[in-house]
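Descriptive structure summary
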Amino acid sequence: MEGDLEDCLLNKVDLRRQWISQMVEEVQKVVHHLTTEISYQDFRFQAIPYCDTYNENIKVLAPTQFLITVPMRGLAGYREARQQRWRFYSLKGTRLPCPLQDPEGLQQWLGVEQFLKSPGQWHEADVNIEGDIVPAKVLQVFRKLVENAIETCHLSDRVRMLMDHLVVRVVVETSAGQVELQLTPSVDIPTAWSKKAQWPSCLKRWPSPETVQCIKSFGFSLLACSSYHWQLSFLRAEQVLLEQLDEDGGCRRKCFQALRQMKEDVWCPGTRPVITSYHLQTVLFWTCEKYPYPKDWQVFSRGFLRLVRKLHKCVSQRFLKHYFVRKSNLLQYASSCELDALAQTLAFFLKDPQISLP
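Residues numbered from 1 in each chain as written. Predicted model: local features only at pLDDT ≥ 70, side-chain atom pairs only at ≥ 80, totals over all residues. Heavy atoms only, no water.

Convention followed: UniProt positions are given in the numbering used here, feature names are shortened, and annotations may be inferred rather than shown by experiment.
For the protein chain, an unreviewed UniProt entry supplies the name Protein mab-21-like 3 isoform X1 and the organism Bos indicus. Taken from UniProt, the Sequence similarities (unreviewed entry) comment for the protein chain reads in full: "Belongs to the mab-21 family."

Now the structure itself:
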């Protein structure tokens, strides 16, 4: 298996990198044009700059599925909510007989009083209900801005909106094919670490205390992708962790790339796969924590199969803990049928780990 897998990495991974880089470059230009126009129309949304290197606002979930986080401006000096309160409001403005459900796992409320600085635009009724900045209201405003920007920037021949009841999705035509983008407004909080992220656990040898301190200094973000609750995100922290994977000379990154390649080409292809690169990244982090020593990551085939076994276990149990917020299951709302089919595919592979890329 070792030789086949090495060949897979030398050929397929490099081809994937070139293909993805081309699409990211074209998508970046489109996103920059759209968000520049959106920012001009509404101060609260920030333009995403074009970058020659890594762009922290673009996350590749699958070869044709990108997450684009659009930073929001004006909110500064974040602090955790001091007291809990019931919410009886609805998106339509009517009062509910029972309070809204409290946020769970990766979710939280967001009130303007949680910021030392919050310009008047964030107190307006188009995004605010009873002092809360409501993600569904933000998305409603943002969707209209995206629709207008596509027309104003003369991008209708390359960009089209997808019908979605809540999140904002568009399809972009690139020279390498169609890419689906989820455009998500984001409140970046670089000055704090979420209390929900009780990380790391005690007595863990990976990552090092110095790396932990560095990662926490990047803070977290809150994404608008549901009705009432904001979703915690740690994309910057996770990127730093990825960049420092093999400081001891191991092969963790190489194993992860092979896992991702097999997932995309053989085990779970498609435009909206049940398992994305983000899930695989989380599997990688958990496996690195369980096997923290350099000697655990010297032999490529062992490291790769270790990741496959961990992925198979998570998919079979339909349970994958978020790496930072450990009470959250990333597979909670995934299709059971698709997970079961993938578990069967992985079990078959583990019985005879042969590489058979198309």
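There's plenty left to go through after this.
Let's talk about the overall build of the protein chain
Heads up, the rule is: Going along the chain from the N terminus, every DSSP run of H or I of four or more residues is numbered as a helix, and every run of E of two or more is numbered as a strand. Radius of gyration here is computed from C-alpha atoms only, and the compact-globule reference equals 2.2 Å multiplied by the residue count raised to the power 0.38. In this scheme, a residue with accessible area under 20% of its type's maximum is buried, one over 50% is exposed, and one in between is partly exposed, where area comes from a 1.4 Å probe on protein chains only. Every residue pair with non-hydrogen atoms within 4.5 Å of one another is taken to be in contact. In this tally, Asp and Glu contribute negative charge and Lys and Arg positive charge; neither His nor the terminal groups of the chain are included. For this purpose, a charge sits on NZ of Lys, CZ of Arg, CG of Asp or CD of Glu.
For the protein chain, the helix and strand inventory stands at eight helices and twelve strands. The C-alpha radius of gyration computed for the protein chain amounts to 21 Å, which stays within 12% of the reference 21 Å derived for 358 residues, consistent with globular compactness. When the backbone C-alpha atoms are referred to their principal axes, the protein chain occupies close to 60 × 50 × 40 Å. For the protein chain, the residues scored as buried account for 53% of the 358 residues in total. Long-range pairs, those at least 24 residues apart, make up 69% of the contacts in the protein chain with a sequence separation of at least 6. Of the charged side chains in the protein chain, 44 are positive and 39 negative; the average position of the first set lies 7 Å away from that of the second.

Structural notes on the UniProt feature "domain: Mab-21-like HhH/H2TH-like" (unreviewed entry) in the protein chain
In the UniProt entry, the feature "domain: Mab-21-like HhH/H2TH-like" (unreviewed entry) is given for residues 251–346. Helix makes up 61% of residues 251–346 and strand 0%, with an end-to-end C-alpha separation of 22 Å.

Description of the pattern of salt bridges
Charged atoms that come close allow side chains of opposite charge to pair. What counts here: A pair is scored as a salt bridge if a Lys or Arg side-chain nitrogen falls within 4 Å of a carboxyl oxygen belonging to Asp or Glu.
Following the criterion strictly, the structure yields 18 salt bridges and no others. For E56, the salt bridge is made with R236, and the minimal N-O distance between the two is 2.9 Å. Linking E56 in the loop between α1 (2–41) and β1 (58–62) with R236 in helix α4 (residues 235–243), this pair joins segments that are 180 residues apart in sequence. Residue class for R236 comes out partly exposed when judged on its relative accessible area of 28%. The salt bridge partner of R326 is E289, with a shortest N-O separation of 3.2 Å. With R326 in the loop between α7 (300–317) and α8 (336–351) and E289 in helix α6 (residues 277–290), this pair connects stretches of sequence that are 37 residues apart.

What about the pairing of strand β8 (residues 159–162)?
As a reminder, the rule being used: In this analysis, strands are considered paired if DSSP registers two or more bridges between them.
Bridge analysis of β8 against strand β9 (residues 168–174) gives four bridges, and the strand direction is antiparallel. Each bridged residue has a counterpart across the sheet, and for V159 the counterpart in β9 is V172. Linkage of β8 to β9, two consecutive antiparallel strands, is achieved through a turn of five residues.

A look at the packing of aromatic side chains
By convention here, two paired aromatic rings are described through the distance between centres and the angle between planes. Convention followed: Note on aromatic pairs: the rings of Phe, Tyr and Trp (six-membered ring only in Trp) are paired at centre separations within 6.5 Å, and the planes decide the class, stacked below 30 degrees, edge-to-face beyond 60, tilted for the rest. Two thresholds decide whether a charge sits over a ring: the Lys NZ or Arg CZ must be within 6 Å of the ring centre and within 35 degrees of the ring normal.
Applying the stated criterion across every chain, the model contains 18 aromatic pairs. Between W267 and F349, the ring centres sit 5.1 Å apart and the planes meet at 65°, which makes this aromatic pair edge-to-face. On the criterion of sequence distance, the pair formed by W267 in helix α5 (residues 252–267) and F349 in helix α8 is long-range, its members being 82 residues apart. For F349, a relative accessible area of 5% corresponds to the buried category. Ring-pair connections join several aromatic residues into one group, and the members of that group are Y78, F115, W193, W199, W206, F220, F234, F285, W286, Y323 and F324. The residue whose ring lies beneath R44 is W122, and the NZ or CZ to ring-centre distance is 5.8 Å.

Let's talk about the nonpolar core
Heads up, the condition is: Only buried Ala, Val, Leu, Ile, Met, Phe, Trp, Tyr and Cys residues count toward a nonpolar core, and they belong to the same one when joined by side-chain atoms within 4.5 Å.
In this structure, F66, L181 and F304 are the most contacted members of the largest nonpolar core, which totals 109 residues. Looking at this core element by element, the count peaks at nine residues for helix α2 (residues 135–152).

Description of the UniProt feature "domain: Mab-21-like nucleotidyltransferase" (unreviewed entry) in the protein chain
The UniProt record marks residues 54–244 with the feature "domain: Mab-21-like nucleotidyltransferase" (unreviewed entry), using the residue numbering of this structure. Helix makes up 18% of residues 54–244 and strand makes up 29%, while its end C-alpha atoms are separated by 15 Å.

Regarding the environment of L350
With respect to the helices and strands, L350 occurs in helix α8. Along the backbone, L350 and L223 are 127 residues apart, and their C-alpha atoms lie at a distance of 37 Å.

Quick look at α4
Burial runs high along α4: seven of the nine residues are buried. Within α4, the full set of buried residues consists of L235, A237, E238, Q239, V240, L241 and L242. Those residues of α4 hidden inside the fold are in contact with β1, β2 (65–71), α3 (209–216), β12 (230–233), α5 and α6.

Side note on α8
Convention followed: Multiply 1.5 Å by the residue count of a helix minus one, and that product is the helix's expected span. As used here, the arc belongs to the directions running from the helix axis to the C-beta atoms.
With 16 residues, α8 extends 23 Å between its outermost C-alpha atoms, agreeing within 8% with the 22 Å of an ideal straight helix rising 1.5 Å per residue. Of the positions making up α8, those classed as buried are L339, L342, A343, L346 and F349. End-on view of α8: buried residues confined to an arc of 125°, all on one side of the axis. Exposed side chains of α8 directed beyond 90 degrees from the buried face belong to C337, Q344, F348 and K351.

Things to note about the pairing of strand β10 (residues 177–189)
Residues in a regular strand project their side chains so that they alternate between the two faces of the sheet. The element β10 is extensively covered by neighbouring structure, given that ten of its 13 residues are classed as buried. Bridge analysis of β2 against β10 gives seven bridges, and the strand direction is parallel. Counted as the bridge partner of T69 is T184 from β10. As paired strands, β9 and β10 are joined by seven bridges and run antiparallel to one another. Within the sheet, the bridge partner assigned to V172 lies in β10 and is V179. What sits between β9 and β10 in their antiparallel hairpin is a turn of two residues.

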